[in-house]
Amino acid sequence: MAEWQAECGASVTGTQGVLLSPNYPANYSNYHECIYSIQSQPGKGVQLRARTFNLAPGDQLKVYDGHNNSARLLGTFSQSEMLGRSLNSTSSALWLEFITDAENTSKGFELFYSSESKL
Ligand SMILES: [Ca+2]
């Protein structure tokens, strides 16, 4: 588990799970460009929520509603902007890009995803 946490990005499948920023709960590093890909079950959407979200200004998490960054952008989040939010995909996949700049780091994020039946 510790080794997995140290990696930058992840590709996950299944009905629910957790995504962590690099080094979590220690601070992430500069110059990251991490991709997180979530694939839920066909016919189900994905709900994404943040338990922890603390990025330094200039660092950001982009969330796309699909399999890559040409899908619809659900939001771009920095600082504490994703706290209290719930993002819901219309597709069965989410694509996240965590991009950090040259200076200032912070704790990062702990995100929960779960698949949801679409109405
Ligand atoms: Ca930074």
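Residues numbered from 1 in each chain as written. Predicted model: local features only at pLDDT ≥ 70, side-chain atom pairs only at ≥ 80, totals over all residues.

### Observations regarding the UniProt feature "domain: CUB" (unreviewed entry) in the protein
Here is step 1: Per the UniProt annotation, the sites labelled "domain: CUB" (unreviewed entry) are residues 8-116.
Here is step 2: Helix makes up 0% of residues 8-116 and strand 53%, whereas the separation of the span's terminal C-alpha atoms amounts to 26 Å. (UniProt positions renumbered as here; feature names shortened; annotations may be inferred. Helix = DSSP H or I, 4+ residues; strand = E, 2+ residues; numbered from the N terminus.)

### A short note on the pairing of strand β4 (residues 44-54)
Here is step 1: In the sheet, β4 pairs with strand β9 (residues 108-117) via ten bridges, with the strands oriented antiparallel. Paired with Gly45 across the bridge in β9 is Glu116.
Here is step 2: With three bridges connecting them, β4 and strand β7 (residues 86-88) associate as antiparallel partners. Each residue of the ladder has a partner; that of Leu48, found in β7, is Leu87. (Pairing = 2+ DSSP bridges.)

### With respect to the pairing of β9
Here is step 1: Two elements, strand β2 (residues 16-20) and β9, share five bridges in a ladder whose sense is antiparallel. Bridge assignment links Val18 to a residue of β9, and that residue is Phe112.

### Description of the sheet that holds strand β5 (residues 60-65)
Here is step 1: As summarised here, the arrangement of the five strands in space is β1-β3-β8-β5-β6, forming an open sheet in which the pairing is mixed. Among the strands making up the open sheet, the edge pair consists of β1 (10-13) and β6 (72-77). Between one strand and the next, the sheet's axes are offset by a mean angle of 15°, whatever the strand orientation.
Here is step 2: Note that β1 and strand β3 (residues 33-39) share four bridges and pair parallel. Bridge pairing in β3 places Val12 opposite Ile38. (Axes fitted to C-alpha atoms, helices over the stretch in contact; angles between N-to-C directions.)

### Section: unusual backbone geometry
Here is step 1: Of the consecutive residues Tyr24 and Pro25, the connecting peptide bond is found in the cis state with omega at 10°.
Here is step 2: Mapped onto the fold, Pro25 is located in the loop between β2 and β3.
Here is step 3: For Asn23, which is not glycine, the phi torsion reads 75° and is therefore positive.
Here is step 4: Mapping Asn23 onto the fold places it in the loop between β2 and β3.
Here is step 5: For Asn23, a count of 17 C-beta atoms within 10 Å gives the class partly exposed.
Here is step 6: Here the phi dihedral of Asn104 falls at roughly 70°; this positive angle occurs in a residue that is not glycine.
Here is step 7: Here Asn104 is to be found in the loop between β8 (93-99) and β9. (Buried ≥ 20, exposed ≤ 12 C-beta atoms within 10 Å, placed from the backbone.)

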